[in-house]
Structure formats: structure tokens, C-alpha cells
Amino acid sequence: MSDRFHLTSAGLETLAGEMAGWIESQLQALQDGEVSSFLPSWVGRPGRVAAGEVLVVDVGGTRARAARMKLGRSGLELVSGPDIAAIGQLSSADDYFAFQARLCRDHWKEGIPLGYCFSNPTRSTADGDAELIGWTKEYHVPGTEGKKVGRLLRAAISAELGDISELGVINDSIATLLAPMSEPALFGTEENTGYFGLVVGTGTNMSTFVDGARLGIQTAGSRSVAVNLESANFVPSALCDTDHKLDELSDSPGEHLLEKAVSGKYLGKLFELERAQRSSVAWEGGELVRLVQKPARSEEGELARAILTRSASMVGACLAGAVAPLCIDCRRVIISVEGGLYHGWPEYDSIVQEVANKLTGENLVLDFRKISEANLKGTAVAMLSEEAIE
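Q: What should I look at first to understand unusual backbone geometry in this one?
A: Where the residue is not glycine, phi is negative for most of them; where a peptide bond is considered, it is trans in most cases. A cis amide bond links Gly81 to the next residue, Pro82, at an omega of 5°. Residue position: Pro82 is located in strand 4 (residues 75–86). Positioned with a positive phi, His256 is a non-glycine residue whose angle comes to about 55°. Looking at where His256 falls in the secondary structure, it is placed in the loop between helix 6 (241–249) and helix 7 (257–262). Looking at His256, the relative accessible area reads 10%, which means it is buried. Phi is positive for Glu373, which is not a glycine, with a value near 55°. Tracing the backbone shows Glu373 in the loop between strand 13 (365–370) and helix 13 (374–384). For Glu373, a relative accessible area of 24% translates into the label partly exposed.

Q: What is the right way to read the state of the cysteines from this model?
A: Taken as a whole, this structure holds zero disulfides when the rule is applied. You can see Cys104 has no disulfide; the closest cysteine sulfur is in Cys117, sitting 13 Å from it. As a non-bridged cysteine, Cys327 has Cys330 as the owner of its nearest cysteine sulfur, 4.3 Å distant.

Q: Explain the sheet that holds strand 11 (residues 224–228) to me, please; I cannot follow it from the model alone.
A: Backbone-to-backbone hydrogen bonds pair the strands of a sheet. The strands run either parallel or antiparallel. Overall, mixed pairing links the six strands, which are arranged 1-11-10-9-12-13 in an open sheet. Looking at which strands have only one partner, the edges of the open sheet turn out to be strand 1 (39–44) and strand 13. This sheet shows a mean twist of 25° between the axes of neighbouring strands, independent of strand direction. Pairing of strand 9 (residues 193–200) with strand 12 (residues 332–338), which is carried by seven bridges, proceeds in the parallel orientation.

Q: When you look at helix 6 in this model, what are you seeing that I'm missing?
A: An α-helical segment advances 3.6 residues per turn. Residues three or four places apart therefore align on the same side. Within helix 6, burial applies to Thr242, Asp243, Leu246 and Asp247. Buried positions in helix 6, seen along its axis, are confined to an arc of 140° and lie on one side of it. The exposed set on the far side of helix 6, more than 90 degrees from its buried face, consists of Asp241, Glu248 and Leu249. Buried residues in helix 6 make contact with helix 7, helix 8 (264–275) and helix 10 (299–326).

Q: Teacher, can you tell me more about the pattern of salt bridges here?
A: Once their charged atoms are close, side chains differing in charge can pair, the charge on each being opposite to the other. One pass over the structure, following the stated rule, counts 14 salt bridges. The residue Arg332 makes a salt bridge to Asp367 at a minimum N-O spacing of 2.9 Å. Taken together, the positions of Arg332 in strand 12 and Asp367 in strand 13 put the pair 35 residues apart, joining distant regions of the chain. A relative accessible area of 22% places Arg332 in the partly exposed class. Through salt bridges with shared partners, one network takes in Glu53, Arg68 and Lys109.

Q: What is the right way to look at helix 10 in this model?
A: Its 28 residues place the ends of helix 10 41 Å apart at the C-alpha level, agreeing with the 40 Å of an ideal helix rising 1.5 Å per residue. The element helix 10 is extensively covered by neighbouring structure, given that 22 of its 28 residues are classed as buried.

Conventions we followed
- Residues numbered from 1 in each chain as written.
- Predicted model: local features only at pLDDT ≥ 70, side-chain atom pairs only at ≥ 80, totals over all residues.
- Heavy atoms only, no water.
- Helix = DSSP H or I, 4+ residues; strand = E, 2+ residues; numbered from the N terminus.
- Buried < 20%, exposed > 50% of the residue type's maximum accessible area, 1.4 Å probe, protein only.
- Disulfide = S-S within 2.5 Å.
- Pairing = 2+ DSSP bridges.
- Axes fitted to C-alpha atoms, helices over the stretch in contact; angles between N-to-C directions.
- Arc of directions from axis to C-beta.
- Contact = heavy atoms within 4.5 Å.
- Salt bridge = Lys/Arg side-chain N within 4 Å of Asp/Glu carboxyl O.
- Expected span 1.5 Å × (residues − 1).

Take a look at the structure:
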């Protein structure tokens, strides 16, 4: 039963090549003014991060967090928080943003800037805000598509607490990308060093810095732009019948196929479909991890291990495929990683690194970093950076 989730070395090499081809096609689409999965942000590659305090709100697939961050001598530090709460299914935009505003009560002060880390796909606007393209990961708040999520949160905070001085919205993968730059040792730019943000939690995504010319856009100041790759949209050929069945039963058939194959929101559903039966357990990635960690071997445990192993292997191969065309002249790539699934199973990281390193070869060093509170720190870096794209 678990054999169908096994990927050979040749299969992983093919997957990496497919991802590299997809990356090139999305770059070309941007240059030609066509629809692309890539979503450039307003953030440039930071050369300097200025002192200051920032109110940060981080909204993921299952929970929201709020904190106040400050740049100190040892880097970005938590001043207060984070306060964390499960999101639940909120029935209106007013309820959704008021819930987040209430999380800010203990961290807000008059005139503080707001950094908003938002995990669903958005299109950045010139004022630092972002328009919601659509919802993913089986979650939806009606009446929000096409609207500026920062403006909605700002209005909720103003009603609940008071005014903020300025606002910036970034995707969670870009926050993860920026997180290493919260450490003084990595302030500024390093020659022949690239950066990648990798998220594997409820959903999955990647981000990196791309020269504006390759994106078909002109930039003032920084030449490199932080880009949300929306890699969940990639369609791998290495999918089995169970993957296709899951896709058919999802609320977005034909979309986000990589995400449905590797992320925590969907792995439990793959597990249930493969077993062809339902149980009282709400299976998600974390439940599979607990099955794998049970001391006694079982058929269920072996299936869970196969699904998790395939997930990590696919992530490693896709990472290698994405790095190849986007970090052409790099000798080292710093990869900041975030996500409950990635960090929840101790073997996940080692599998990703083994596959990615094998596929990229010896001439490129992949430097994986786990940074505590990566999304909070990366969002604060975006707000304090002096390299915004104009």
C-alpha cells in the first residue's frame, strides 16, 4: 500500500528538472506581461535595517500571532508576545480582522508601524498593502477577494485600539526569506550568496530575491526584488491515483497540486484515502508524525512514514529545481525554513537536505537555517529595511 508513495532517485531528478522548467516558464510569463504564479513584493534585498519598533501580526493557515519587535544590539528582539490564537472558521471579514486586532491589545502603542504577514496569495500594491487574490488550504472568508488585507486590518485596529503610522503586507514565505537578515552577522549583502525562504506547514511555498530585469520590471534603489513564487501551484508528474482522487474531492480541483501532495493540511487526507476508510481522528500532518513516532511498528505507521518521506523528498527535489535557475552565480544559498510539518518530524529536515544536496551537487553549498520566530522577525525586517522597491 505504501509503495505507490516511493520515489526513486531518477524520479526525484526528473521532479527537480520539472520544477526548474516551471520556474523558467513563470519568469518568461512575467517578462511577457502574461499571467504568472510569481508575485513580486515591494521589498528589496536589505542592505541595512534601521533601528525601531514594529507591531507584527502573522496569520497562517490555522493560527494567528501578534507581537512587538525591536531592533537591538543583538538583532531583532521580542519586546512583547507573541500572543497566539487558533483562527477557527470566522463567518465574515469584520469578524476575521477584528479577531486579529484583539490579539494586538498588549503590543500596540500609538503611532507604531504595522507589519502584516499574510499566508494566502496576494498581489502587492505600491502603498505597501496587498490585494487578496484568493484563499487556499480549504479556508475562506467571504467578501474579501480583491480587497486590500492591510487596509482591512488597519481599520480593525483603529476601531479597537487606535492609529498606526505605516503599514506593510508580505507573504509568509517572504517573511521566512528575510528572517536570516535579522541577525547582525547577515546584515547587508554577501557576494555570491543567495537566499531562499521555504515554508512547509499547513501549506507550502518558496520565495527568493530576483533581479528586477528578470521579472520584466524596473526598480529604483535595490535591483533585487523579494518574490513569492507561489510554488504550491507547480504540477509535479510524480503523483499517484490517490493524489488525483484527493484533488477531485478538494474545494479547488486542479489547483495547488504540489501543496496537496506535500503539506500538512492534506497529508492526513491522503492517508485516509489510501486506507479507504474514515476514522474519528481528524488526520493532518501532525497526526501522521505521531503515528510514525509510536514505538510499535504497524501498517498504519508504515503508510504514514511513506507519505511523510515522499513529502520531504518532493520538497527537497523541488527546492533543488528552484535554486538552479534562480541562483545561477551563487556559491552558497542560505535557506530559511519555517513550518510545523517541517520541524515537527525530526527526520523531515534530514531527508530534504539529503535530496536537495544530492541534486544540486558539490559546487553549491545549501545552508539551511532554522530561526526562531522567523515570520515575526522577517516581517519586522521588511518594515525596518531601507530597501523598499519604488
